[in-house]
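Spelled out from the first residue to the last, the chains are:
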Amino acid sequence: MSFDTFGLHPNLLKAVRGLGYTDPTPVQKAAIPAILEGRDLIGCAQTGTGKTAAYLLPVLHRLLHDARRGPRVLIVLPTRELAAQVDAHCRELTAHTPLRGAAIYGGVAFTPQLHALRAHVDIVAATPGRLLDHLTRQPAWFTRLQTLVLDEADRMLDMGFLPDLRRVLTYLPEQRQTLLLSATLPPAIVALAEEMLHTPLTVAVGSQTTPPAGLAHTVFPVSPSHKTALLLALLGRPAMVGVLVFTRTKHRAERLTETLRGVGLRVTCLHGDRTQHQRLQALEGFRRGKYQIMVATDIAARGLDIERVSHVVNYDVPGCPEDYVHRVGRTARAGAEGEALTLMTAAETTQVRGIERWLGQILPLEVWPEYIDAPVAATPVASGGVRRATSTVRHFRPRRRATIRRAGR
Ligand code: AMP
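Before going into details, it helps to say that this report is about the structure given with it.

Rules and cut-offs
- Residues numbered from 1 in each chain as written.
- Predicted model: local features only at pLDDT ≥ 70, side-chain atom pairs only at ≥ 80, totals over all residues.
- Heavy atoms only, no water.
- Helix = DSSP H or I, 4+ residues; strand = E, 2+ residues; numbered from the N terminus.
- Expected span 1.5 Å × (residues − 1).
- Salt bridge = Lys/Arg side-chain N within 4 Å of Asp/Glu carboxyl O.
- Near = heavy atom within 4 Å.
- Polar contact = N/O pair within 3.5 Å; in protein donor to acceptor, adjacent residues only side chain to side chain.
- Areas by Shrake-Rupley, 256 points an atom, 1.4 Å probe, with all protein chains shown as cover.
- Nonpolar A, V, L, I, M, F, W, Y, C, P; charged D, E, K, R; others polar.

1. Side note on helix α11 (residues 250-262)
So, point 1. Here α11 contains 13 residues, and its C-alpha end-to-end distance of 18 Å stays within 8% of the 18 Å for a straight helix at 1.5 Å per residue.
So, point 2. With its phi angle positive at about 85°, Gly 264 sits one or two positions after the end of α11.

Structure, rendered in structure tokens:
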């Protein structure tokens, strides 16, 4: 199946070719025809599946056949980075069309966003808070709305945006197409969908329990005091070109960034306490290769699409298995290959067991004995009660041990 079969506008197809997409992804195959028909849709697809283009392409096609002016597509997203990312993707897809978009989020000046709305942009990608600021001052911005997209809906609910979302809805016309995209479909999302969508089609592609296919997972047992030294040893491997490192807290992200910078590594940091300007600079620098490493917390890195991520390192094991899947989904995007490396202290074995149960898969262990003061339990149990096969445990001795150890202390 090629993109030509959807009957999309030739100028959109030109952009698709320019981006190098040859075949539609599964979510695109399922969603594009239904959205073109004007149907409401619930899309349950993990990030990295091409879900953004799956809704943007048909929505843009419909806009190209609508002569009216003003914001007619509103995409609501949980974070500023995602709003900026979807706006950028939209620009790529509309490159050969007169359609224009704008991103609206907090932490940056209000007036340029106001100018963009006044200049009759067609597509707005927004976070709920700043969107409400605009709507309370000018309730009529979206009177011509054709399509509302709620992207990463489960995350918006997790982040407590439901009251804001309900308020946003009061400013929107009831006659509209509504698309709800969510990595998971917990009961709260289903209830929201029932309330807002009319006889929606549900498209589920992959599931939140499935990390990208081209991804290799490895777990490294480690003592807490050796985590940074082990990370430095891993970073010395030649293939580590774009490394996203996750920590549990903002404070740990800051501290680790300082340590890595202190040994001369090109590193930046992304978490919720950084200013919008700092966050965009960090992302851009990492995207363009100025930084080899970006240290981040979960909230800041959710849904980000950065091609260069060759490795995801869980410096701290995430508290819930879903976060593991989200984190590792930052690499091996759109069919590429990637590696997920997880540093596991004795206290974190329970979390790793939970991840293995969730995935129904035993994650291979790689043991570097010098980073373990006392033995770490190495027998996580997968869902069927299967004990870790000894063949999945590899013992490893880093080649550049002396240098690495000095660097880590
Ligand atoms: P998303 O799931 O929307 O975050 O998309 C993940 C990545 O897949 C983005 O970098 C897109 O540019 C890319 N992508 C989207 N559709 C396709 C396609 N049909 N073929 C190849 N890459 C794609």
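2. Focus on the pattern of salt bridges
So, point 1. Per the stated rule, a full pass over the model turns up 20 salt bridges.
So, point 2. Measuring nitrogen to oxygen at the nearest pair gives 3.0 Å for the salt bridge that ties Glu 258 to Arg 261. Highlighted residues: Glu 258 and Arg 261, both in helix α11, separated by three residues, approximately one helical turn.
So, point 3. For the salt bridge of Arg 327 with Asp 298, the shortest nitrogen-to-oxygen distance reads 2.8 Å. Remark: Asp 298 occurs in helix α13 (residues 298-301) and Arg 327 occurs in helix α14 (residues 321-328); sequence separation between them is 29 residues.

3. Comments concerning the site of the ligand
So, point 1. What surrounds the ligand is a group of 15 residues, the closest being Tyr 21, Gln 28, Gly 48, Thr 52 and Asp 305.
So, point 2. Between the ligand and Tyr 21 there is a distance of 2.5 Å, counted from an oxygen atom to a side-chain nitrogen or oxygen.
So, point 3. One of the side-chain nitrogen or oxygen atoms of Gln 28 is found 2.8 Å away from a nitrogen atom of the ligand.
So, point 4. Alone, the ligand offers 500 Å² of accessible surface; in the complex the protein occludes 86% of this.
So, point 5. Residue composition of the shell around the ligand, grouped by class: four nonpolar, seven polar and four charged.

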